[in-house]
Amino acid sequence: VGHRGVVLHTDDGGETWQTQRSSNGEDRPLFAVHFFNPQEGVAVGLWSTVLRTDDGGKTWQAQTTGLPKSSGRADLNLFQLFDDAQGRLYATAERGTVLRSRDRGRSWEALPTGHAGSLWAGLALPSGRLVVAGLRGALLRSDDDGRSWQAAGPGNRDSLTGIAASTDGSSLLAVGADGAVLRSDDAGTSFVLQRRPDRQQLLAIGRCSSAPGAWTLLGNSGPVPDASR
């Protein structure tokens, strides 16, 4: 997903791509997409844009979040999507807000975290713990279903753009600006900063399926070695 509301689709493992959706009349970028199964998916983006599909992305329907509006449009940009073991969907957003949907993107509720800046990444651990990351080094966790949040980071000010966890949720890695790599070995209770010597900007992270315990890191120019191992 991306600029002008474009949705690209592949059915050959990424070798070729086809455009499923594009909006030429208004450039409302889509920042994230999540599929529950091959047919049901949700995409989110600028100005609280939420789209749903029930046919594998062939058609998309706009949804409303119910958030307050200003100047005729919704205020919050929605940056990333993740779900939990109960199938609830979360969207990280501006102003320290996390949105949650219990009906696969049809309706939403706001979970204020107390952080003033944008939240760009998040995940739900097998234990039910929620962890989100974002602007100015924000790393927050919730153990009560999003009702309250506690700081988990070491206090660095590097903005964090990606976070991932091991399969059992015991180890977490968050990455971001100025080569920041933050590791947690206690399921997100606390993190330790391990800055890369090359200070490379890191944009995203995921588990490496072919090498247990390893991570796939992405920077401005593509994949970069995991220097934290």
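1. What about the sheet that holds strand β14 (residues 130–134)?
In step 1: A sheet is described by the order of its strands in space; here 4 strands give the open sequence β13-β14-β15-β16, paired in antiparallel fashion. Every interior strand has two partners, whereas the edge strands, β13 (119–124) and β16 (150–151), have only one.
In step 2: Where β13 and β14 come together, 5 bridges link them in antiparallel fashion. Paired with Ala121 across the bridge in β14 is Ala133.

2. Points about the environment of Asn24
In step 1: The residue Asn24 is located in the loop between β2 (18–21) and β3 (30–35) in this model.
In step 2: Sequence separation between Asn24 and Gln80 is 56 residues, and the spatial gap between their C-alpha atoms is 23 Å.

3. With respect to the packing of aromatic side chains
In step 1: All chains considered together, the criterion is met by 4 aromatic pairs.
In step 2: Through a chain of ring-to-ring contacts, the aromatic side chains of Phe31, Phe79 and Trp120 assemble into a single cluster.
In step 3: Between Arg104 and the ring centre of Phe36, over which it is positioned, the NZ or CZ distance is 4.8 Å.

4. Details of the nonpolar core
In step 1: Judged by nonpolar contacts, the single largest core of 15 residues is most densely connected at Val131, Leu139, Ile163, Leu172 and Phe191.
In step 2: Secondary-structure elements contributing two or more residues to this core are β13, β14, β17 (160–165) and β18 (172–176).
In step 3: Among the elements that make up this core, the one with the highest residue count is β17 (3 residues).
In step 4: Beyond its immediate stretch of four places on either side in the chain, Leu139 contacts Val131, Val132, Ala133, Gln150, Ala151, Ala152, Gly153, Leu160, Ile163, Ala174, Leu182 and Phe191.
In step 5: Within the second largest apolar cluster, 13 residues are counted, among which are Ala32, Val50, Ala93 and Leu99.

5. Let's talk about the pattern of salt bridges
In step 1: Applying the stated criterion to the full structure yields 13 salt bridges.
In step 2: Among the ionic pairs, Asp158 bridges to Arg195, the shortest N-O distance being 2.9 Å. Taken together, the residues span a long stretch of sequence, with Asp158 in the loop between β16 and β17 and Arg195 in the loop between β20 (192–193) and β21 (202–207) at a distance of 37 residues.
In step 3: Exposure remark for Asp158: the relative accessible area of 12% places this residue in the buried category.
In step 4: Assessed through its relative accessible area of 28%, Arg195 is described here as partly exposed.
In step 5: Residues joined in a network through salt bridges with shared partners are Asp84, Arg88, Arg100, Arg102, Glu109 and Asp145.

6. With respect to the pairing of strand β15 (residues 139–142)
In step 1: Side chains Leu139 and Arg141 of β15 all project onto a buried face; the interleaved residues Leu140 and Ser142 project onto the opposite face, where all are buried too.
In step 2: Sheet analysis places β14 next to β15, joined by 4 bridges and oriented antiparallel. Each residue of the ladder has a partner; that of Val131, found in β15, is Arg141.
In step 3: Where β15 lies against β16, 2 bridges are found, and the strand directions are antiparallel. Its bridge partner lying in β16, Leu140 is registered against Ala151.

7. Observations concerning the environment of Arg102
In step 1: Mapped onto the secondary structure, Arg102 falls in the loop between β11 (97–101) and β12 (109–112).
In step 2: Considered as a pair, Arg102 and Asp83 are 19 residues apart in the sequence and their alpha carbons are 10.0 Å apart.
In step 3: Setting aside residues up to four positions removed in sequence, Arg102 forms contacts with Arg88, Ser107, Glu109 and Asp145.
In step 4: A polar contact of 2.9 Å, which involves the side chain of Arg102, links it to the side chain of Glu109.

What counts, and at which threshold
For every chain, the first residue of the written sequence is number 1, and numbering continues from 1 along that sequence. Given that the model is predicted, a residue must reach a pLDDT of at least 70 before its local features are reported, and side-chain atom pairs must reach 80 or more before they are shown or counted; all residues, however, enter totals for whole chains, interfaces and linings. Each side-chain value is derived from all of the structure's non-hydrogen atoms; neither hydrogens nor water enter the calculation. By this definition, two strands are paired if DSSP reports at least two bridges between them. The secondary structure listing takes helices from DSSP runs of H or I that are at least 4 residues long and strands from runs of E that are at least 2 residues long, numbered from the N terminus. Note on aromatic pairs: the rings of Phe, Tyr and Trp (six-membered ring only in Trp) are paired at centre separations within 6.5 Å, and the planes decide the class, stacked below 30 degrees, edge-to-face beyond 60, tilted for the rest. Charge-over-ring placement is defined geometrically: NZ (Lys) or CZ (Arg) within 6 Å of the ring centre, and within 35 degrees of the ring normal. Nine residue types can take part in a nonpolar core, namely buried Ala, Val, Leu, Ile, Met, Phe, Trp, Tyr and Cys, and a core is a set of them joined through side-chain atoms within 4.5 Å. Any residue under 20% of the maximum accessible area for its type is buried, any over 50% is exposed, and the rest in between are partly exposed; the area is computed with a 1.4 Å probe on protein chains only. Contact criterion: two residues are considered in contact whenever any of their non-hydrogen atoms come within 4.5 Å of each other. When a carboxyl oxygen of Asp or Glu lies within 4 Å of a side-chain nitrogen of Lys or Arg, that pair is called a salt bridge. Two N or O atoms form a polar contact when they lie within 3.5 Å of each other; inside protein one atom must be a possible hydrogen donor and the other a possible acceptor, and for residues adjacent in sequence the pair counts only when both atoms belong to side chains.

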